[in-house]
Amino acid sequence: MALPALATVLCLFSPLLLTAIASAREKRPNLTMGAPGPVTAHSGGRRLVHSHAKECDIPGTVDLSVREGDDTAYGQALYPVPAEDPNDPLQWSPIRKTLILVVCSLYSFLSNSALLGPSVYIGIFAAEFNTSFTDASNLISYANLAFGFGSLLLVPSYHKFGRRPVMLGSLILYCGGLLACSQVQTYSGLMAARVVHCFGASVCEALPVQLVNDIFFLHERGKRLGYYTVCLCFGATGPLFAGYMLNGGHSWRLFFWVEFAFGAALFILAFLVVEETLYHRKPPVGSSSLERQSLEGGEEKPTAVESTTPETGAAIPPRKTFVQSLKFWGVYEKDADFLLMIARSFTYFLVPHVLWVITTYGIYIGLGALTFNYIFPLKITAPPYNWSQLDSGLIAVASFLGYLLAIPFTPSSDRLAARLTRKNKGIREAEMRLGVMLPVMLLAPAGLIVFGFAAERDLHWVAYFAGVVMCNFCSYFYFTFTLAYAIDSYTSNISEMLIAMNLGKQAISFGMGLDLLDWVTRHGYAVMIAGVFGAILLANNLALLVFMLYGKRIRAFMSTTWLARVHRESVREVATH
């Protein structure tokens, strides 16, 4: 019993350790300092970085040419251009940024593991609550839907009231729902509690991306989004932890107690290290017409009124103290219309780059989080395998292995984009990062064929594992780099874009999981998984070729549409899209 418990603890902390070690080892790699800048007590003794990079007239095309005095990375100027203010999140220390990334990544891991872990209890739920397997699986399907649709309220909330208070409030709701799950005695009560904790945690599907966008430069985002994606993907190992607890002879309720304990600890850590990252910076001199347009029409002025360029000689504002950074009130965006933001978010479904991210996440979540976790436990506990219910969650090992093998490729898109930018005389195109996805484009559909025929013909259990490894290895590339591409390629209000992404992907994955067990019973595993799902996934993956060949033309066309004008007018964070 001690060994499974130890393994569970190590697995829970592995994403935290991986993210912390990977980020801590990179103290701004390849960062070359320009001319000496101001180093004052106000800035905490740290030198503020400078840059003259600017976005060109087509969103997603950035001029990273270096001017005298610029700080550089990979031989290119830093973008976005930071303010001369130590309170600008782009100017924060690497340690502060890493801690914030660790917290939001761990939140994503915990919330996803809490969502998916009970999938190994489907048979137990069906027996205990006297319901069908399909109804029992809805405890995961409807919770998954709440996990996405909660962003419809929470994302506008953190845009209006600040990132920090909404994150802390969502953690309280998450922990409260988990506590209720451990106490309820009825199916309806458990369903309600599941919806509550997943609704509360839904902000972690958007907030980590928002924070990466707030605190990291363009050349850092692909890698940092990769670290976040690692933790998100490792959340699929939740069924493994749940299975360990059954092996220890405990009730399914222990799983929710353990998740609650880690959630409470995370709340304390978040309270101490996650500083408010909402910041308005002035448009840099020489900014593109698109950036200037985004601030017209009565947009809110930058809050850092003392922030100036070195040439002005004006005073640099003091850095907030640790106690001041703990404040979780005082942010209120008067111009951020809550209801209008919700309504406007639906227009992002018409943006091709965003739609591709939505379909990518929706399909892969529907497969990795629902399809594999629904089918494998039921198949492996029946003849001819006859595994015990205690071992039915071991498919999570295959998920873990697939993601683990992909981790070394996390920096690949940033490095490829930097290399191609140098060859392009300092001009960065958003599509330059996409080439790293070509080698894995067909791997996931092949994995679905393997898994589908393994289930249809009762092949060796290794075939199930091989199919899952192939699919999840590929999904890591598509999760990380399609998201980075969408953020790079379109002038958007990032909060509204994330609402659309979360609504869409959870709706798609919900549709793929709802009544799935009835579908495979009626049509067969090979037809549904290898055939229907495989064809859908193949079409989505082949869209990579469309964006690699025609992505810039699509961006240029979209920038001239009424839709782009509507989205530009809602942008309040300068040069952070």
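Here the structure is a predicted model, which is why all the values come from computation and not from measurement.

**Side note on the overall build of the chain**
Counting its regular elements, the chain contains 23 helices and 6 strands. The 577 residues of the chain split such that 62% are buried. Across the chain, the fraction of contacts at a sequence separation of at least 24, relative to all contacts at a separation of at least 6, is 84%. Just so you have it, the chain exposes about 20700 Å², and 68% of that area is on carbon and sulfur atoms.

**Some thoughts on the environment of leucine 340**
Structurally, leucine 340 can be placed in helix 14 (residues 338–345). Considering only alpha carbons, one finds leucine 340 and glutamate 496, 156 residues apart in sequence, at a separation of 10.0 Å.

**Quick look at unusual backbone geometry**
Each neighbour pair has its own omega, and for proline 383 with proline 384 the value is 5 degrees, a cis peptide bond. If you trace the backbone, proline 384 turns up in the loop between helix 15 (352–380) and helix 16 (395–406). Although it is not a glycine, asparagine 130 adopts a positive phi angle of roughly 55 degrees. Judged by relative accessible area, which is 73%, asparagine 130 ranks as exposed. At lysine 425, a residue that is not glycine, the phi angle is positive and equals roughly 60 degrees. When you line up the elements, lysine 425 lands in the loop between helix 17 (412–423) and strand 6 (427–429).

**Re the environment of glycine 513**
With respect to the helices, strands and loops of the structure, glycine 513 is situated in helix 20 (residues 494–513). Between the C-alpha atom of glycine 513 and that of glycine 366, which follows or precedes it by 147 residues, the distance is 6.2 Å. Once you skip the residues sitting within four places of it in the chain, glycine 513 turns out to touch Ser141, Leu370 and Tyr374.

**Let's talk about the nonpolar core**
Core analysis: the largest hydrophobic core is formed by 150 residues, its most contacted members being Tyr107, Tyr174, Trp356, Leu367, Met437, Tyr478 and Met501. The leading source of residues in this core is helix 19 (residues 461–489), at 18 residues. Beyond its immediate stretch of four places on either side in the chain, tyrosine 107 contacts Met167, Ser170, Leu171, Tyr174, Gly200, Ala201, Val203, Cys204 and Leu266. One finds Val62, Leu64, Tyr79 and Leu218 within the second-largest nonpolar core, a separate group that totals 6 residues.

**A closer look at the packing of aromatic side chains**
Under the counting rule described, the total for this entry stands at 34 aromatic pairs. Measuring from centroid to centroid gives 4.7 Å for phenylalanine 372 and phenylalanine 451, while their planes differ by 50 degrees, and the two rings are tilted. You can see phenylalanine 372 sitting in helix 15 and its partner phenylalanine 451 sitting in helix 18 (residues 443–457), a full 79 residues away along the chain. Side by side, phenylalanine 372 and phenylalanine 451 carry an identical accessibility label, which is buried.

**Quick word on helix 22 (residues 525–558)**
Its 34 residues place the ends of helix 22 only 41 Å apart at the C-alpha level, less than the 50 Å of an ideal helix rising 1.5 Å per residue. Along helix 22, the sharpest kink reaches roughly 70 degrees, centred on tyrosine 550.

**Some thoughts on the side chain of threonine 229**
Position of threonine 229 relative to the elements: it lies in helix 9 (residues 218–234). Residue threonine 229 is classed as buried on the basis of its relative accessible area of 1%. Filtering out sequence-adjacent residues up to four positions away, threonine 229 remains in contact with Tyr476, Phe479 and Thr480.

**Section: the confidence of the model for the chain**
Looking at the chain as a whole, the pLDDT averages 82, with 84% of positions reaching at least 70. Of all the helices and strands in the chain, helix 12 (residues 289–294) carries the lowest mean pLDDT, 46, while helix 18 carries the highest, 96. Segment residues 1–10: pLDDT under 50, and 7 contacts once partners within four positions in sequence are set aside and those in other chains are kept. Here residues 26–30 is modelled with pLDDT under 50, and outside its nearest four sequence neighbours on either side it reaches 13 contacts, counting other chains as well.

**Things to note about the sheet that holds strand 3 (residues 61–63)**
Strand order in this open sheet of 3 strands is 2-3-6, and the pairing throughout is antiparallel. The sheet terminates laterally at strand 2 (54–55) and strand 6, the two strands that pair on one side only. Note: strand 3 against strand 6, 3 bridges, orientation antiparallel. Paired with valine 62 across the two strands is arginine 428, which belongs to strand 6.

**Examining the environment of serine 113**
Tracing the chain through its elements places serine 113 in helix 2 (residues 94–116). Along the primary structure serine 113 and alanine 236 are separated by 123 residues, whereas in three dimensions their C-alpha atoms are 5.9 Å apart. In this structure, serine 113 is in contact with Pro118, Gly235, Gly238, Phe241, Phe255 and Glu259, ignoring residues within four places of it in sequence.

**Things to note about the pattern of salt bridges**
Scanning the entire structure with this criterion turns up 11 salt bridges. Among the ionic pairs, glutamate 275 bridges to arginine 96, the shortest N-O distance being 3.8 Å. In this pair, glutamate 275 sits in the loop between helix 11 (253–273) and helix 12 while arginine 96 sits in helix 2, placing the two residues 179 residues apart along the sequence. Overall, glutamate 275 belongs to the buried group, its relative accessible area being 3%. For arginine 96, a relative accessible area of 18% corresponds to the buried category. Across the pair arginine 433 and aspartate 488 runs a salt bridge whose closest N-O atoms are separated by 2.9 Å. With arginine 433 in the loop between strand 6 and helix 18 and aspartate 488 in helix 19, this pair connects stretches of sequence that are 55 residues apart. Look at arginine 433 and you get buried, because its relative accessible area is 1%.

**Comments concerning the state of the cysteines**
All told, the structure shown has 0 disulfides when counted by the stated rule. Looking at cysteine 198, it has no disulfide partner, and the nearest cysteine sulfur is the one in cysteine 181, 7.8 Å off. This cysteine, cysteine 204, is not joined by any disulfide, and cysteine 104 carries the nearest cysteine sulfur, 9.4 Å off. Cysteine 204 sits in the buried class, given a relative accessible area of 1%.

**Notes on the side chain of threonine 98**
For threonine 98, the position within the fold is in helix 2. For threonine 98, a relative accessible area of 13% translates into the label buried. A polar side-chain atom of threonine 98 sits 2.8 Å from the main-chain carbonyl oxygen of proline 94.

Cut-offs and rules
Residues numbered from 1 in each chain as written. Predicted model: local features only at pLDDT ≥ 70, side-chain atom pairs only at ≥ 80, totals over all residues. Heavy atoms only, no water. Helix = DSSP H or I, 4+ residues; strand = E, 2+ residues; numbered from the N terminus. Buried < 20%, exposed > 50% of the residue type's maximum accessible area, 1.4 Å probe, protein only. Contact = heavy atoms within 4.5 Å. Areas by Shrake-Rupley, 256 points an atom, 1.4 Å probe, with all protein chains shown as cover. Core = buried A, V, L, I, M, F, W, Y, C linked by side-chain atoms within 4.5 Å. Phe/Tyr/Trp six-rings, centres within 6.5 Å; stacked < 30°, edge-to-face > 60°. Expected span 1.5 Å × (residues − 1). Bend = angle between axes of the 7 residues up to and from the residue. pLDDT = per-residue confidence, 0-100. Pairing = 2+ DSSP bridges. Salt bridge = Lys/Arg side-chain N within 4 Å of Asp/Glu carboxyl O. Disulfide = S-S within 2.5 Å. Polar contact = N/O pair within 3.5 Å; in protein donor to acceptor, adjacent residues only side chain to side chain.

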